[in-house]
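# Per-entry structural report
If you want the building blocks of each chain, they are given just below.
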Amino acid sequence: MFNNLALGIEKAKLLLDDPASLCIQKDSEEEIAIPPAFIGKLNEGIRFRLDSEINTFSPRLNGVILAYKDLKLLSSEGKIQGDRPFIYFNMKISYIVFQPKIGSTLTGVIKEIYASHVVCVVHELFNATVIKSSDDAMWDINAFRVSFLIEFTVTELNSTPKLFSMKGKLIKMIETDSLVKQDKKAKKRHRDVESEDVCPDSEKLKIENHEMNGHTHDVINDCSPPAKKKKKKKKKADEDN
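Under an unreviewed UniProt entry, the name given to the chain is DNA-directed RNA polymerase I subunit RPA43, and the source organism is Octopus sinensis. UniProt, in the comment section headed Sequence similarities (unreviewed entry), describes the chain in these words: "Belongs to the eukaryotic RPA43 RNA polymerase subunit family."

## Digging into the environment of Thr56
Looking at the element boundaries, Thr56 is found in the loop between helix 2 (42-51) and strand 2 (57-58). Classification of Thr56 by relative accessible area gives buried; the value is 11%. Separated by 10 residues in sequence, Thr56 and Leu66 have C-alpha atoms that sit 8.2 Å apart. In terms of polar contacts, Thr56 uses its side chain to reach the backbone carbonyl oxygen of Glu53, at 2.6 Å.

## A word on the pattern of salt bridges
Under the definition given, this model contains 6 salt bridges. Salt-bridge contacts for Arg60 lead to Glu30; the nearest nitrogen and oxygen are separated by 3.0 Å. Here Arg60 is found in the loop between strand 2 and strand 3 (63-73), whereas its partner Glu30 is found in strand 1 (residues 23-34), with 30 residues between them in sequence. Take Arg60: its relative accessible area is 43%, and that puts it in the partly exposed class. Note on Glu30: relative accessible area 14%, which makes it buried. With its nearest N and O atoms 3.4 Å apart, the salt bridge here joins Glu53 to Arg49. In this structure Glu53 comes out as buried when scored by relative accessible area, which is 13%. Counted as one network, the salt bridges with shared partners bring together Glu30, Arg49, Glu53 and Arg60.

Cut-offs applied
Residues numbered from 1 in each chain as written. Predicted model: local features only at pLDDT ≥ 70, side-chain atom pairs only at ≥ 80, totals over all residues. Heavy atoms only, no water. UniProt positions renumbered as here; feature names shortened; annotations may be inferred. Helix = DSSP H or I, 4+ residues; strand = E, 2+ residues; numbered from the N terminus. Buried < 20%, exposed > 50% of the residue type's maximum accessible area, 1.4 Å probe, protein only. Polar contact = N/O pair within 3.5 Å; in protein donor to acceptor, adjacent residues only side chain to side chain. Salt bridge = Lys/Arg side-chain N within 4 Å of Asp/Glu carboxyl O.

Right, here's the structure in full:
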């Protein structure tokens, strides 16, 4: 199941750099249905529609949507289909998707410990239950600690449009020194992201000409640096009177 959190675009981008995260980027061209209440507020309507899919399993993308970026309208105007109460826009969207499979290996942070199973959280969002098997010689309940890392093989995936859960089999506990090394790597990646020359609101959209009057609709990431104000130089007197 999900924790009631959103990972955020910057953390989601970091996961793309780690193959073990099982997160990928998927580009999609699709129709977005905008409720008529957002006529004249297209930017808000697009965000409302796409935000509703965050942390949900998407059959068309075959994974859980963590974030989206690089939005672009492909159609010059919206259209109405039959008697449906929506306005449809063709868009190009880049999704960041969590895509585990049966047999995949994942790492989670231990949250709860029981004699028969351990509950851990993957990517700060997804709960996974690692179950003790009858032939599991590595299972040692005394070795488990809350907040320690555990590595497991995915044995079961359960998904609905609003619910996603995993079960797994223990591979190993992550030793303390490995925890320190992974924490240092994560902090370094975080510093690298912060040092990039990007505007703080880089994922906000700037939409121009969004009235429903046939004009072209452009959706772009507005990361241009603010214009610098020119300082007026004071004129010096030619001579002192």
